[in-house]
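Single-letter residue listing:
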Amino acid sequence: MADAGCLGWLPRLLLGPSCSRLLLGNHELSAFGCSLEVVKPLGEGAFSEVALVRTSVPVGKYPPGLYALKTIVIQRENMHLVERETRSQGMAAEHPNVLGLVAHECVSTANADVVQARLLFPLCEGGTLADFLKAEGGIPTDEMLRIFSQLASAVAHCHAVGVIHRDIKLTNVYRDGEGRWLLADFGSALSSTATIELDTREALALARHEERASPPHCLLWHSTSHGTTYRGACLP
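I will try to describe carefully the structure that is included in this document.

Criteria and thresholds
Residues numbered from 1 in each chain as written. Predicted model: local features only at pLDDT ≥ 70, side-chain atom pairs only at ≥ 80, totals over all residues. Heavy atoms only, no water. Core = buried A, V, L, I, M, F, W, Y, C linked by side-chain atoms within 4.5 Å. Buried < 20%, exposed > 50% of the residue type's maximum accessible area, 1.4 Å probe, protein only. Helix = DSSP H or I, 4+ residues; strand = E, 2+ residues; numbered from the N terminus. Contact = heavy atoms within 4.5 Å. Pairing = 2+ DSSP bridges. Axes fitted to C-alpha atoms, helices over the stretch in contact; angles between N-to-C directions. 1 Å grid on protein atoms, 1.4 Å probe; cavity = no way out; pocket = protein on both sides within 12 Å on 5 of 7 lines; lining within 4 Å. Points joined across faces, edges and corners; volume = space filled by probe spheres on them. Nonpolar A, V, L, I, M, F, W, Y, C, P; charged D, E, K, R; others polar. Lys, Arg positive; Asp, Glu negative; His and termini not counted. Salt bridge = Lys/Arg side-chain N within 4 Å of Asp/Glu carboxyl O. Polar contact = N/O pair within 3.5 Å; in protein donor to acceptor, adjacent residues only side chain to side chain. Phe/Tyr/Trp six-rings, centres within 6.5 Å; stacked < 30°, edge-to-face > 60°.

## Considering the nonpolar core
- By size, the foremost hydrophobic cluster in this structure holds 15 residues, and its most contacted members are Phe32, Leu36, Val53, Val59, Leu69, Val102 and Leu120.
- Those elements that place two or more of their residues in this core are β1 (27-31), β2 (34-44), β3 (48-55) and β4 (65-75).
- Per-element tally for this core: the top contributor is β2, with 3 residues.
- In this structure, Val59 is in contact with Phe32, Cys34, Val102, Ala103 and Leu120, ignoring residues within four places of it in sequence.
- Judged by nonpolar contacts, the second largest core, of 13 residues, contains Ile72, Leu81, Val115 and Leu182.

Below is the structure:
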């Protein structure tokens, strides 16, 4: 994923002592119009944390059960970045190999300039492709082809609906309880309507850093006899 500082994510310490409450587990959290039981932590980073949660009532069209809750600390002025992520994921989520987004919200914190974004996802019991590769030590050819086929279908669907993921990697591919592989984490994704040329990675990084001052760019690439050309896209 792109450098979090450039995206407006902030260290969770800015929320104060309560920012890591998800990591404690075994407590109730009011979110998405219902009460969630925080079962246990699933992971954390400098800017976000993920916990296993349980709900006893439906959340939208999703039934009661176990889900993954991701929280992100973000500057209030950068809330549009979360909106961009949820919009991109929502546009692509109808595909069976794209992880759905159950619900999302932003809540105020003790710091008036900082909000906490909450994203609720279906639980992927099979873990990530990185977990699978580490556990198995390798991937049989037939399974590799199945994974590639499912991800290629997911990416083709994303492009068909105007979404470019830009961060496909082992830790952003999950396996659900039925053995399907799902493309996830649309934090770097953009929807596109026009294309431009970006000749270097530095130009791409600069475009992302300045995206609030000008239309952001998204990454595609192809190789030519003159080297690698990076293509981008602008939001309307």
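Having seen the structure, we can now continue with the description.
## Description of the sheet that holds strand β6 (residues 114-122)
- As summarised here, the arrangement of the 6 strands in space is β1-β2-β3-β4-β6-β5, forming an open sheet in which the pairing is antiparallel. Across the chains shown, the open sheet's two edge strands, defined by having one partner strand only, are β1 and β5 (103-108). On average, each strand axis in the sheet is inclined to that of its neighbour by 35°, with strand direction left out of account.
- Two elements, β2 and β3, share 7 bridges in a ladder whose sense is antiparallel. Counterpart to Pro41 in the pairing with β3 is Ala51.

## Some thoughts on the layout of surface pockets
- Of the voids in this model, the second largest pocket is the one considered here, and its volume is about 330 Å³.
- Taken together, 19 residues line the second largest pocket, and the ones lying closest to its centre are Tyr62, Leu99, Gly100, Pro122 and Arg180.
- Residues of the lining of the second largest pocket, tallied by class, amount to 10 nonpolar, 4 polar and 5 charged.

## Re the pairing of β3
- Extensive coverage of β3 is indicated by the burial of 6 of its 8 residues.
- Bridge count for β3 against β4 is 8 bridges, and the pairing is antiparallel. Looking at the pairing, Glu49 lines up with Thr71 of β4.

## Observations regarding the side chain of Asp185
- Considering the arrangement of structural elements, one finds Asp185 in the loop between β9 (181-183) and β10 (190-191).
- Among buried Asp, Glu, Lys and Arg side chains, Asp185 stands out as unpaired, with Lys70 the closest opposite charge at 4.1 Å.
- Within polar-contact distance, the side chain of Asp185 engages the backbone nitrogen of Gly187 at 3.1 Å.

## Regarding the packing of aromatic side chains
- Taken as a whole and judged by the stated rule, the model has 2 aromatic pairs.
- Between Tyr62 and Tyr67, the aromatic rings sit 6.4 Å apart at their centres with planes inclined by 85°, giving edge-to-face as the arrangement. Per residue, the accessibility class of Tyr62 equals that of Tyr67, and both read buried.
- Arranged with centres 5.4 Å apart and planes meeting at 70°, the rings of Phe132 and Trp181 form a pair that is edge-to-face. Here the residue Phe132 occupies a position in helix α3 (residues 129-136), and Trp181 occupies one in strand β9, the gap between them amounting to 49 residues. Across this residue pair, the class does not change: Phe132 and Trp181 are buried.

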